[in-house]
Amino acid sequence: MAIKDKPQGCTNLKLRQLGRVVTRHYDRYLASVDLKNTQYALLSHVVKLGPIRPSDLARRMQMDASTLTRNLQLLAAQGWLEIGEGKDARSRLVVATAAGREKRTQGQRAWKEAQLALNELLGNERVMALHALLDASIETLEEGTV
């Protein structure tokens, strides 16, 4: 096999670069409703899954607990989430407030605009191929680390 038939460069670096570019794209749209991509994703998960324990939310979002805790506190400070007591003194539950549900609705509209614009920029076929490649890669890598 010739060297040009082998992958060149660092896959991690390329994925991180793509992630940053795509995040900036979505952030431009979500800024119109005073949200960042990470905030919208977290708010959406809590609206969909809540009330939910932070540890369960971190697992579902594949985030580390300390990053999640910081982001939860920021959204709670905005009045979009409440972090209350759970079944016992050691557990907590996160739930979206009415303001948080409204903010998520605003975010959904901005997210949809961002998604449609990205589809237009890349082309629907490329986006579908990218999704298929990413899904297959995630599945393969998760199976390899069990």
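Every chain is numbered independently, its residues counted from 1 as its sequence is written. Totals for whole chains, interfaces and linings use all residues, but because this is a predicted model, local features are given only for residues with pLDDT of at least 70 and pairs of side-chain atoms are given and counted only at 80 or more. Note that water and hydrogens are dropped before the side-chain values are worked out from all heavy atoms of the structure.

Trainee: When you look at helix α3 (residues 54–61) in this model, what are you seeing that I'm missing?
Mentor: Along an α-helix, residues three or four positions apart point the same way, because every turn accommodates 3.6 residues. Exposed residues in this analysis have more than 50% of their type's maximum accessible area, buried residues have under 20%, and partly exposed residues fall in between, with area computed by a 1.4 Å probe over protein chains only. Under the DSSP-based scheme used, a helix requires at least four consecutive residues in state H or I and a strand at least two consecutive residues in state E, with every element numbered from the N terminus. All buried positions along α3 are accounted for by Leu57, Ala58 and Met61. Projection of α3 onto a plane perpendicular to its axis shows the buried side chains occupying an angular sector of 100 degrees, all on one side. Exposed side chains of α3 directed beyond 90 degrees from the buried face belong to Arg59 and Arg60. Between two residues, a contact is recorded if the distance between any of their heavy atoms is within 4.5 Å. Where α3 is buried, its residues touch α2 (37–49) and α4 (65–77). Of the residues one or two after α3, Gln62 is the one with positive phi, at around 55 degrees. To be clear, the arc concerns the directions from the helix axis to the C-beta atoms.

Trainee: When you look at α2 in this model, what are you seeing that I'm missing?
Mentor: The terminal C-alpha atoms of α2 lie 18 Å apart, and with 13 residues this matches the ideal 18 Å at 1.5 Å per residue to within 8%. Residues of α2 that are buried: Gln39, Tyr40, Leu42, Leu43, Ser44 and Val46. Along its buried surface, α2 packs onto α1 (11–30), α3, α4, β1 (81–85), β2 (92–96) and α5 (98–122). Expected helix span is given by 1.5 Å per residue-to-residue step, counting one fewer step than there are residues.

Trainee: Help me out: how do you make sense of a negative patch on the surface in this one?
Mentor: Taken together, the side chains of Asp135, Glu139, Glu142 and Glu143 define an acidic patch exposed on the protein surface. Relative to the helices and strands, Glu142 is located in helix α6 (residues 124–144). Residues enter patches when their relative accessible area tops 30% and they take part in no salt bridge; the joining distance is 9 Å for like charges and 5 Å for the nonpolar side chains Val, Leu, Ile, Met, Phe, Trp and Tyr. Each accessible area is a Shrake-Rupley estimate made with a 1.4 Å probe; only the visible protein chains count as cover when residues are assessed. By convention in these notes, a salt bridge is any Lys or Arg side-chain nitrogen within 4 Å of a carboxyl oxygen on Asp or Glu. Positive charges come from Lys and Arg, negative ones from Asp and Glu, while His and the chain ends are left out of the count. Each charge is placed at NZ for Lys, CZ for Arg, CG for Asp and CD for Glu.

Trainee: I keep staring at the pattern of salt bridges and nothing clicks. Help me out?
Mentor: Two side chains bearing opposite charge may form a pair once their charged atoms approach each other closely. Following the criterion strictly, the structure yields two salt bridges and no others. Between Asp56 and Arg53 there is a salt bridge; the shortest N-O distance is 3.0 Å. Look at Asp56 and you get partly exposed, because its relative accessible area is 22%. When the shortest N-O distance is used, the salt bridge between Asp56 and Arg59 registers 2.4 Å. Separated by three residues within a single helix, Asp56 and Arg59 lie in helix α3, roughly one turn from each other. What makes Arg59 exposed here is its relative accessible area of 55%. Here the residues in one salt-bridge network are Arg53, Asp56 and Arg59, joined through shared partners.

Trainee: Can you help me understand the side chain of His25 in this one?
Mentor: Inspection of the secondary structure puts His25 in helix α1. In this structure His25 comes out as buried when scored by relative accessible area, which is 5%. Not counting chain neighbours up to four residues away, the residues in contact with His25 comprise Ala114, Ala117, Leu118 and Leu121.

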